[in-house]
There are 2 protein chains.
Amino acid sequence: MGKIVFGVDIGGTTVKLGLFDDEGSVLTKWEIPTVTENHGSHILKDIADSVNEKRAAFGYQLKDVIGVGVGAPGPVDAAGIIYGAVNLGWSELNIAQTLQPLVGVPVKAGNDANVAALGEMWKGGGRGCQDVVAVTLGTGVGGGIIVNGALVAGFNGAGGEIGHMLVEENETEPCNCGLCGCLEQYASATGVVRLAKRRLQQDGEPSSLRGLGEALTCKDVWDAVRAQDAVAIEVAERFGYYLGKGLAAVACVVNPEAFVIGGGVSKAGEILFDYIVPPYRKFVFPGSRKARFLLAELGNDAGIYGAAKLVLG
Amino acid sequence: MGKIVFGVDIGGTTVKLGLFDDEGSVLTKWEIPTVTENHGSHILKDIADSVNEKRAAFGYQLKDVIGVGVGAPGPVDAAGIIYGAVNLGWSELNIAQTLQPLVGVPVKAGNDANVAALGEMWKGGGRGCQDVVAVTLGTGVGGGIIVNGALVAGFNGAGGEIGHMLVEENETEPCNCGLCGCLEQYASATGVVRLAKRRLQQDGEPSSLRGLGEALTCKDVWDAVRAQDAVAIEVAERFGYYLGKGLAAVACVVNPEAFVIGGGVSKAGEILFDYIVPPYRKFVFPGSRKARFLLAELGNDAGIYGAAKLVLG
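Let me sum up the structure you'll find in this document. (Residues numbered from 1 in each chain as written. Chains lettered and ligands numbered in written order. Predicted model: local features only at pLDDT ≥ 70, side-chain atom pairs only at ≥ 80, totals over all residues. Heavy atoms only, no water.)

### What to know about the pairing of strand E12 (residues 292–295) of chain A
Residues and elements named next belong to chain A. Inspection of the sheet shows strand E11 (residues 258–262) paired to E12 by four bridges, in the parallel sense. Within the sheet, the bridge partner assigned to Val260 lies in E12 and is Leu294. Handedness of the crossover joining E11 and E12 through helix H9 (residues 271–283) is recorded here as right-handed. (Pairing = 2+ DSSP bridges. Helix = DSSP H or I, 4+ residues; strand = E, 2+ residues; numbered from the N terminus. Right-handed = clockwise from strand over helix to strand, strands pointing away.)

Spelled out as C-alpha cells, the structure:
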C-alpha cells in the first residue's frame, strides 16, 4: 500500500477534503459543513474527525499518511499561523500546531488562494511550470505566487495579495480593504459588473446590456463581448487595461514563466486574453514580455490539490 | 583549516573579488580589471586565474573550497545562464558551466543587483531577515527579491527588475528600456536630478538649487532638502511618491519583512524614509503596512558578500 496525503480547503460554508496518493492522484474527495459557531472552534476538530474516519475506512494506518495540508481563508505565514479569518470566526491561530495532534501526522497550512495556485501549478493549467503567478478572478481578486515550485507566503502571510495593488489613483469609491483603486475593484466579477454599470450610465449608447438593470452579471458582459456589443467591448478593454497593467507590475517583481487565470470570471475562456495580453505587453519590462497566459483547469478542486502539494513539498 | 568560498562581482571596468570563510568573514578582497575586448572572452579566464592564484597563495587546496559565486550585470537565471551583458560584450553564456572547469569547484551565478541584495540580507542592512526586498538607487534602479532567504531569479533572470515598473502613465520621455514612466525615471540618482530640473523650470520660486545649472547633482538636492529648501522638498516628495507607490506594489506581491535601500541615492541617509514611507503606507495593502525600511550597509562590497552567500545557500 502506497503513502497517502490529505488536502483540505476550508471555506466559509463547506470544507472540501481530498485523499490523494503521493503522485497526486485523487482517491476520493468529499465535503463537510463549516461550523462557524463558537468562533469556529469546532472546525479543526471536525476536519480531524473526518480525516481520521476516512483514513480508517480506506484501511490506512497513521504511518501511511505523509501529512495533511490545509488552505484557509486568511493570511497564513510559512509556519502555518493564520492571522485571523473573518468568515470562520477565527482570530490568530496556529493551524499546523493545533491540527497536528488531532490527526497524528504532520500538518502544513497556507492561504486558500495561495494553496489553490499551488494546485494549478501542480496538476492544473500551470503543469510543468515552476515559476507561476496564479490569479483568481472571483468575488475578489486573489493571487498566488510560486517561485521555484514553492509558495511565497510572505512575512505576514500577505504574499500574493495582488487584488489590492493600486491601479487607479482617481478612484473615489473604496475597496473592501479600505483603499481606493485596487485591482480587485475592476478585475473581479463584481468589478466587471461595476465597470459595466458605470459605462452604461455614462451615455445612451445602445447595448444589449441595457435593460438587465441590477441583475446584470459578469457573464452577461462577456456574452455581450462575444456578440460584438460595442459597449461590452469597451468594458472588457477597461478590465484588461487594469489587469494587464497590474500583472505587468507583478512580472517586474517575480518574472514568472506563466500566469494562470482562474475563478468565476475565467469561465469566459480564452477571450479574456484578447483583452489582458495587449496591455500587459505594452506595460511590462521587455524581459517578461513572453510570459504565457493560461486558463486554470481545476476549478473548485484547486484548493485540495494545492493543500496536498503543500505537504508533499 | 576551515572551508572557504569566493565571491566575485563583475562590473564593466573592474571585477571585485573576495575570499570568505564559511561563516562569511572576509579573509581578503581585491580587484582585477575587466577586459571587455573580444566580446569579453577573457573575463571568466582572468577570474579563474585570479581565484586559483589567491587560493594557492593562502595555502588552500581545491577540497577546501566550497565554491565560487558570481554576480554579473545582466539577467541571469537560476541555472547560471546570463542572457546577454552589454557592458561586458557578452551574449548568452552559461557562466556556471563555463567557469566551473577553470576553477575546479562548483560555481553559482546571479544578476549583480540580485546578488547584492543577498549580500545585504546576509551581512548588511537586512541581517536577520529572510524576506527582504533590496532596492539599489544608483544610475538606475535595481532590485533584489529574497524569499525565505533565497533569491528570486525569475524565469528569464528578470526577477527584481522593479526599476521598470510603470509608475507614471503620463510620462512622455522614454526610459532606457524603451518604456515611458518607469520607476527608474524618478527614483534613480539621474531621476532625482531630472525631477529637480523639471521643477526648477516650472516657475521662478527661489531655491538654493538655482544656479547649479547642468552641474546639479542628486546630493545637491538632498543637501537642500536638509536645509529646508522648499523646492527641493517638493522634489523629494515627488521622488518619495513614486518610490513609495512602486514599493507598495512590490509588497502586494511578496509581502517582505523589510526593504533595504542602497545605492548612491541612499547616501542621503534616513531622511529618505521621511519621503518614501508615508506614500508607501498610504498605498499599500494593510497586511504589508508594517514592513521596515532599512539602509544598506555594505556599499560596493554587497556584491562579493552576496556572491559568496549564493554558493553557501
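Having put the structure on the table, let's press on.
### Remarks on the packing of aromatic side chains
All told, the structure shown has 22 aromatic pairs over all chains when counted by the stated rule. Between Tyr241 of chain A and Tyr242 of chain A, the aromatic rings sit 4.9 Å apart at their centres with planes inclined by 65 degrees, giving edge-to-face as the arrangement. Taken as a pair, Tyr241 of chain A and Tyr242 of chain A share a single burial class, namely buried. A centroid spacing of 5.0 Å and a plane angle of 75 degrees characterise the contact between Tyr280 of chain B and Phe293 of chain B, whose relative ring orientation is edge-to-face. Linking Tyr280 of chain B in helix H9 (residues 271–283) with Phe293 of chain B in strand E12 (residues 292–295), this pair joins segments that are 13 residues apart in sequence. Residue classification places Phe293 of chain B among the buried residues on the basis of a relative accessible area of 12%. Each residue in the set Tyr186, Tyr241, Tyr242 and Phe283 of chain A is aromatic and connected to the rest through ring pairs, giving one cluster. Cation over ring: Lys54 of chain A sits above Trp30 of chain A, and NZ or CZ is 4.5 Å from the ring centre. Across the ring face of Trp122 of chain B, the terminal group of Lys123 of chain B is positioned such that the distance to the ring centre comes to 5.0 Å. (Phe/Tyr/Trp six-rings, centres within 6.5 Å; stacked < 30°, edge-to-face > 60°. Buried < 20%, exposed > 50% of the residue type's maximum accessible area, 1.4 Å probe, protein only. Lys NZ or Arg CZ within 6 Å of the ring centre and 35° of its normal.)

### What about H9 of chain B?
Residues and elements named next belong to chain B. Along its length, H9 shows its largest kink, about 25 degrees, at Val277, and proline Pro278 lies within four residues downstream of that point. By the burial criterion, the buried members of H9 are Ile271, Leu272, Phe273, Tyr275, Ile276, Val277, Pro279, Tyr280 and Phe283. Packing partners of the buried residues in H9 comprise helix H7 (218–226), helix H8 (230–254), strand E11 (258–262) and E12. (Bend = angle between axes of the 7 residues up to and from the residue. Contact = heavy atoms within 4.5 Å.)

### A few points about the sheet that holds strand E4 (residues 65–72) of chain B
All names here are of chain B. Strand order across the open sheet formed by five strands is E3-E2-E1-E4-E7, with mixed pairing between neighbours. The open sheet is flanked by strand E3 (26–33) and strand E7 (107–111), the only strands paired with a single partner. The average undirected angle you get between the axes of adjacent strands in this sheet is 15 degrees. Pairing geometry for strand E1 (residues 4–10) and E4, over six bridges, is parallel. By the bridge assignment for E4, Gly7 is matched with Gly69. On the sheet, helix H4 (residues 112–123) packs against E1, E4 and E7 and is oriented at approximately 105 degrees with respect to E7. The strands touched by helix H10 (residues 302–312) are E1, strand E2 (14–21), E3, E4 and E7; relative to E1, the strand with the most contacts, the crossing angle is about 130 degrees. (Axes fitted to C-alpha atoms, helices over the stretch in contact; angles between N-to-C directions.)

### Some points on the sheet that holds strand E8 (residues 132–137) of chain A
Residue and element names in this part refer to chain A. Spatially, E10-E9-E8-E11-E12 is the arrangement adopted by the five strands of the open sheet, whose pairing is mixed. Each end of this open sheet is capped by a strand with a single partner; those strands are strand E10 (150–151) and E12. Here two bridges tie strand E9 (residues 141–147) to E10, and the two strands are oriented antiparallel to one another. Of the residues in E10, the one forming a bridge with Val147 is Ala150.

### Observations concerning the interface of chain A and chain B
Between chain A and chain B, the residue contacts involve 39 residues of the former and 39 residues of the latter. The three residues of chain A that bury the most area against chain B are Phe155, Val253 and Phe285 of chain A, which together make up 21% of that side's buried surface. Viewed at the interface, chain B and chain A are joined by two salt bridges. A salt bridge links Lys245 of chain A to Glu169 of chain B; the shortest N-O distance between them is 2.6 Å. Where the side of chain A that touches chain B is concerned, the elements lending two or more residues are E9, helix H8 (230–254) and H9 of chain A. The element that contributes the greatest number of residues to the side of chain A that touches chain B is H8 of chain A, accounting for eight residues. In terms of residue class, the side of chain A that touches chain B is made up of 23 nonpolar, nine polar and seven charged. (Buried area = accessible area lost by both parts, 1.4 Å probe. Salt bridge = Lys/Arg side-chain N within 4 Å of Asp/Glu carboxyl O. Nonpolar A, V, L, I, M, F, W, Y, C, P; charged D, E, K, R; others polar.)

### Considerations on the packing of helix H7 (residues 218–226) of chain A against H9 of chain A
Residues and elements named next belong to chain A. Here H7 crosses H9 at 90 degrees, and the two axes come no closer than 10 Å. Classified by the interaxial angle, the pair formed by H7 and H9 is roughly perpendicular. Facing Trp222, Val225 and Arg226 of H7, the residues of H9 in contact are Ile271, Leu272 and Tyr275. When its residues are assigned to classes, the contact of H7 with H9 shows five nonpolar, no polar and one charged. (Parallel < 35°, antiparallel > 145°, perpendicular 65-115°, else oblique.)

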